[in-house]
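Listed below are the residues making up each chain.
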Amino acid sequence: MKLLVPLLFSALLAAVAHGADATFYVGTYTKPGKSQGVYIGTINTESGKLGPLKLAGEAKNPSFVALSPNGKNLYACSESAGGLVAFSVKSDGTLDTLNQGDTGGGGPCHVWVDATGGTVFAANYGGGSIAAFRTKPDGSIGERSAFVQYKAVDGSPKPKQPRGHSIYTDAANKFVYACDAGTDNVWIFKFDAATGSLTPTEPPSGKVPPGAAPRHLALHPNGKFAYTCNESSMSSTVFARDQVTGALKEIETVSSLPPETDHKGMSTAEIFCHPSGKWLYLSNRTHDTIAVFTIADDGKLKLIQNEPAGVKVPRGFALDPAGKWLIAGGQNDDKIAVHKIDPATGMLTLTGETAEVGAPVCVLFVPSK
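Cut-offs applied
Residues numbered from 1 in each chain as written. Predicted model: local features only at pLDDT ≥ 70, side-chain atom pairs only at ≥ 80, totals over all residues. Heavy atoms only, no water. Helix = DSSP H or I, 4+ residues; strand = E, 2+ residues; numbered from the N terminus. Rg over C-alpha atoms; globule rule 2.2 N^0.38 Å. Buried < 20%, exposed > 50% of the residue type's maximum accessible area, 1.4 Å probe, protein only. Pairing = 2+ DSSP bridges. Polar contact = N/O pair within 3.5 Å; in protein donor to acceptor, adjacent residues only side chain to side chain. Axes fitted to C-alpha atoms, helices over the stretch in contact; angles between N-to-C directions. Phe/Tyr/Trp six-rings, centres within 6.5 Å; stacked < 30°, edge-to-face > 60°. Salt bridge = Lys/Arg side-chain N within 4 Å of Asp/Glu carboxyl O. pLDDT = per-residue confidence, 0-100. Contact = heavy atoms within 4.5 Å. Disulfide = S-S within 2.5 Å. Lys, Arg positive; Asp, Glu negative; His and termini not counted. Core = buried A, V, L, I, M, F, W, Y, C linked by side-chain atoms within 4.5 Å.

What to know about the overall build of the protein
Of the regular secondary structure elements, the protein holds 1 helix and 28 strands. In terms of overall size, the protein behaves like a compact globule, its C-alpha atoms giving a radius of gyration of 20 Å where 369 residues would be expected to give roughly 21 Å. A principal-axis box enclosing the C-alpha atoms of the protein has dimensions of 80 × 50 × 45 Å. Each of the 369 residues in the protein was classed as buried or not, and the buried ones make up 54%.

Below is the structure:
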């Protein structure tokens, strides 16, 4: 018995040191010999070591993916096929195709699932529109419950064409926010989770500076602030968010690059708040860095780091549920790279841990149970 106790204690220490694995999915642009669809992988939450990536489900250009709240279904926007693909998630995380839905517009580039799992949303870049679908009991895509076609706006020398780039529900599942990179609006809608319907709010949008092109959005964990990833101006616009009306009021717009940087030919891609609400992360394509900002109590940002992304053209990235690791996907060099997040400062350090996968453009972690 005396020998058994230290052995059990040693085994416990070894288990704690080894840590658990967090699972993630990778959406890709498919290409022969490189990628065939959606991939699945793991990262050890203590060491940051990646497990092998493997094909989870075949699909053509499933660029962005989203999981249902119960984890039983995964949805992907297929940019080539012009629609959404619904999968069922098997016990090992691999995917079985259920069906597809027509998003009603060209170039679907972002997908989102509401908090109930009853509605799936898509943003159409080429079509300049958004769509919502009800889901069936098995998670497959059902009837379209909403469709909004944005309009071109006056501009010089020609009208600005709408470009639906992303769509999100807030944590309370009461409002929908949709970034229109063409007209510099973040459109706001009241959301009815029972029917999947969308009703424009008044005012109908939050606006970023002219020509900034809002691409993606991050909502602060406290619900009081929202941050855009402005594609053309290499910046983030900070909004104060009214949690009762959903309205967005601009506070400031902050560059995602060091001062005096010539950003010709560059663009931003993805944006996320840290689970603690202390830091904001944004990817700079071609500059090939991840910008790290501190978030003040009033929501304002301060750029503290431009960490090399470890990949070429970091299109998408994600933070693990515990906020300890960041995985960046390199669209142009066919790999993902791991960064360690400093728990005191939020700053990033490349670990040297990488894995190969063709044209990764979205990384999505499975939430912790």
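A closer look at the environment of Ala172
Examined against the element boundaries, Ala172 turns out to sit in the loop between β12 (164–169) and β13 (175–180). Along the sequence, Ala172 and Lys34 sit 138 residues apart, while their C-alpha atoms lie 39 Å from each other.

Thoughts on the pairing of β13
Across the 6 residues of β13, 6 count as buried, placing the element largely inside the fold. As judged from the 5 bridges shared by β12 and β13, these two strands associate in the antiparallel manner. Within the sheet, the bridge partner assigned to Tyr168 lies in β13 and is Tyr177. In this antiparallel pair of consecutive strands, β12 and β13, the connection spans 5 residues, and Asn173 shows a positive phi of 65°.

Some thoughts on the side chain of Gln305
For Gln305, the position within the fold is in strand β23 (residues 301–308). Of the residues examined, Gln305 reaches a relative accessible area of 11% and is grouped as buried. Only 2.8 Å separates the side chain of Gln305 from the backbone nitrogen of Leu348, close enough to count as a polar contact.

With respect to the sheet that holds strand β10 (residues 129–135)
The strands making up a sheet associate through hydrogen bonds between their backbones, and the pairing can be parallel or antiparallel. Read from one edge of the open sheet, 4 strands run β8-β9-β10-β11, paired in antiparallel fashion. Each edge of the open sheet is held by one strand with a lone partner, namely β8 (108–113) and β11 (141–149). For this sheet the average axis-to-axis angle between neighbouring strands, irrespective of direction, equals 20°. As paired strands, β8 and strand β9 (residues 119–124) are joined by 5 bridges and run antiparallel to one another. Looking at β9, one finds that Val111 is bridged to Ala122.

Considerations on the packing of aromatic side chains
Under the counting rule described, the total for this entry stands at 5 aromatic pairs. Between Phe24 and Phe365, the aromatic rings sit 5.6 Å apart at their centres with planes inclined by 55°, giving tilted as the arrangement. Taken together, the positions of Phe24 in strand β1 (residues 21–28) and Phe365 in strand β28 (residues 360–365) put the pair 341 residues apart, joining distant regions of the chain. With respect to burial, Phe24 and Phe365 carry one shared label: buried.

Some remarks on the pattern of salt bridges
Applying the stated criterion across every chain, the model contains 9 salt bridges. One salt bridge in this structure joins Arg241 and Asp170, with 3.4 Å as the shortest N-O distance. Separated by 71 residues along the polypeptide, Arg241 in strand β18 (residues 235–241) and Asp170 in the loop between β12 and β13 bring together distant segments of the chain. Of the charged contacts, one joins Arg285 and Glu231 as a salt bridge, the two residues approaching to 3.1 Å between their closest N and O atoms. With Arg285 in strand β21 (residues 279–285) and Glu231 in the loop between β17 (225–230) and β18, this pair connects stretches of sequence that are 54 residues apart.

Considerations on the confidence of the model for the protein
Predicted confidence across the protein gives a mean pLDDT of 93, with 94% of residues reaching 70 or more. Here residues 1–17 is a poorly scored stretch, pLDDT under 50, and it has 2 contacts once near neighbours within four places are set aside; other chains count.

Some words on the state of the cysteines
In the structure shown here, the tally under the stated rule is 0 disulfides. Left unpaired, Cys179 is separated from the closest cysteine sulfur, that of Cys229, by 8.6 Å. With a relative accessible area of 1%, Cys179 lands in the buried category. Note on Cys229: relative accessible area 0%, which makes it buried.

Details of the side chain of Asp320
Relative to the helices and strands, Asp320 resides in the loop between β24 (314–319) and β25 (325–330). Here Asp320 sits buried without a salt bridge, and the closest side chain of opposite charge, Lys324, lies 6.7 Å off (N-O distance). Looking at Asp320, its side chain comes within polar contact range of the main-chain nitrogen of Lys324, at 2.7 Å. Apart from residues no more than four positions distant in its own chain, Asp320 is found in contact with Trp325 and Phe365.

Focus: the sheet that holds strand β14 (residues 185–192)
On the basis of which strands lie adjacent, the open sheet formed by 4 strands has the order β12-β13-β14-β15 and antiparallel pairing. If you trace the sheet from one side to the other, it starts and ends with β12 and β15 (197–207), each paired once. Averaged over neighbouring strand pairs, the angle between their axes works out to 25° when direction is ignored.

As for the nonpolar core
The biggest cluster of nonpolar side chains holds 27 residues, and the ones touching the most others in it are Tyr25, Val65 and Leu84. Listed in part, the 16 residues of the second largest apolar core include Ala22, Trp325, Ile327 and Phe365.

Topic: the pairing of strand β16 (residues 214–219)
Burial analysis of β16 places 5 of its 6 residues in the buried class, the great majority of the element. Pairing analysis gives 5 bridges linking β16 to β17, with the strands arranged antiparallel. Each residue of the ladder has a partner; that of Leu217, found in β17, is Thr228.

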